[in-house]
Amino acid sequence: MPTGDTHDYLRLFHTSDLHLGYGGESVSAAQSKLGQIVSAAIQAECIILIVAGDMFDNNRVSMDLVRSACDLLGGSRLHVIVLPGNHDCLVEDSVYRKIDLVDGSDLHILTEPDGERVFLNEEPVGVEIWGRPVIQHQASFHPVAGAPRRSPALISIGVAHGQFVNDQDEGHAWSGLASPILASEVAALDYDYLALGHWDHSANVSCGTTVAWYSGAPSQHFGCPSGLVVSVALGRTTIVQSCPLPAG
Ligand SMILES: [Mn+2]
């Protein structure tokens, strides 16, 4: 937790792999789960919520569930960034292609196939958030390869969904893994933070100057937190803390 000059820090909440709609989960149960995440983010004084893939369990979940989730996020007090993962990938019949976001909603779904950037004007410094959606979860898809360079004057955040591999470890066989995120690619980003999704457990996979974490899936089953609270200030150390699941 930063002390003294907390106003210098911008705080974001990072979660992933909610798998809303799994096993026929009802609209109200999904709403409740998502509502707990939003509440945890607001309680932790975050202004940005990032869902790093697999918010929905599959592309066949009901549109009622999808609309209610998007309404909840769009109506929260947070800037919300959602990245399609492999379960809710951006194929032709993706849930993300069927929803109409309400004008003025502060929900950003990253749907540009080669990646897109969202800019937020925040005090004390602006933020750029880049991510490339999963369309085909396959070995030739490298989620962060060739990502745009950071803007030195802004806080730079990346979002990706895939399998981290340490390609600098010669003994590690990774060819053939779907959606590989290589350590060398993470280091090359030089971003302040990379929000990752796909793993059930929370993990620090920072490389070079890029602070990179998997949030883990919010689940009592895995003993995982609801997400991570990330405090970022330009030119300063990025601070990452687990945020426990809400009680109940
Ligand atoms: Mn996944």
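Residues numbered from 1 in each chain as written. Predicted model: local features only at pLDDT ≥ 70, side-chain atom pairs only at ≥ 80, totals over all residues.

1. Quick notes on the overall build of the protein chain
Consideration 1: Each helix and strand counted, the protein chain has three helices and 14 strands in total.
Consideration 2: Its C-alpha atoms give the protein chain a radius of gyration of 17 Å, within 12% of the compact-globule value 18 Å for 248 residues.
Consideration 3: The principal-axis extents of the C-alpha atoms in the protein chain amount to approximately 45 × 40 × 35 Å.
Consideration 4: Within the span of the protein chain, comprising 248 residues, buried residues form 46% of the whole. (Helix = DSSP H or I, 4+ residues; strand = E, 2+ residues; numbered from the N terminus. Rg over C-alpha atoms; globule rule 2.2 N^0.38 Å. Buried ≥ 20, exposed ≤ 12 C-beta atoms within 10 Å, placed from the backbone.)

2. Some words on helix H2 (residues 63–74)
Consideration 1: Compared with the 16 Å implied by 1.5 Å per residue over 12 residues, the 16 Å span of H2 between its first and last C-alpha is a close match.
Consideration 2: Looking at the buried residues of H2, the elements they touch are helix H1 (27–43), strand S3 (79–82) and strand S4 (107–109). (Expected span 1.5 Å × (residues − 1). Contact = placed C-beta atoms within 7 Å.)

3. Description of unusual backbone geometry
Consideration 1: Phi at histidine 19 is positive, roughly 55°, even though this residue is not glycine.
Consideration 2: Here histidine 19 shows up in the loop between strand S1 (10–15) and H1.
Consideration 3: Note on histidine 19: 22 C-beta atoms within 10 Å, which makes it buried.
Consideration 4: Unusually for a residue other than glycine, serine 179 sits at a positive phi of about 50°.
Consideration 5: Position of serine 179 among the secondary structure elements: in the loop between strand S8 (163–165) and strand S9 (180–182).

4. Things to note about the sheet that holds strand S13 (residues 227–232)
Consideration 1: Taken in spatial order, the six strands line up as S4-S3-S2-S1-S13-S14 in an open sheet, and their pairing is mixed. Looking along the sheet, the strands with just one partner apiece sit at the ends: S4 and strand S14 (239–243). Direction aside, neighbouring strands of the sheet carry axes that sit 20° apart on average.
Consideration 2: Here S13 runs beside S14; their pairing, made up of five bridges, is antiparallel. In the strand pairing of S14, serine 231 is matched with isoleucine 239.
Consideration 3: Of the strands in this sheet, S1, strand S2 (48–51), S13 and S14 touch H1, which is tilted by about 160° from S1. (Pairing = 2+ DSSP bridges. Axes fitted to C-alpha atoms, helices over the stretch in contact; angles between N-to-C directions.)

5. Quick look at H1
Consideration 1: The terminal C-alpha atoms of H1 lie 24 Å apart, and with 17 residues this matches the ideal 24 Å at 1.5 Å per residue to within 8%.
Consideration 2: Ala30, Leu34, Ile37, Val38, Ala40 and Ala41 are the residues of H1 that are buried. Seen from one end, H1 has its buried residues packed into an arc of 160°, which puts them on one side. In H1, the exposed positions that point more than 90 degrees away from the buried face belong to Ser28, Ser32 and Gln43.
Consideration 3: Where H1 is buried, its residues meet S1, S2, H2, S13 and S14.
Consideration 4: Where H1 terminates, the next one or two residues include glutamate 45, which has phi positive at roughly 60°. (Arc of directions from axis to C-beta.)

6. Here's the deal with the nonpolar core
Consideration 1: Within the largest apolar cluster, 70 residues are counted, with the highest numbers of intra-cluster contacts made by Leu20, Leu49, Ile50, Val159, Leu194 and Leu196.
Consideration 2: With six residues, the single largest contributor to this core is H1.
Consideration 3: Setting aside residues up to four positions removed in sequence, leucine 20 forms contacts with Glu25, Ala30, Lys33, Leu34, Met55, Phe56, Asp57, Val61, Leu65 and Ala69. (Core = buried A, V, L, I, M, F, W, Y, C linked by C-beta atoms within 7 Å.)

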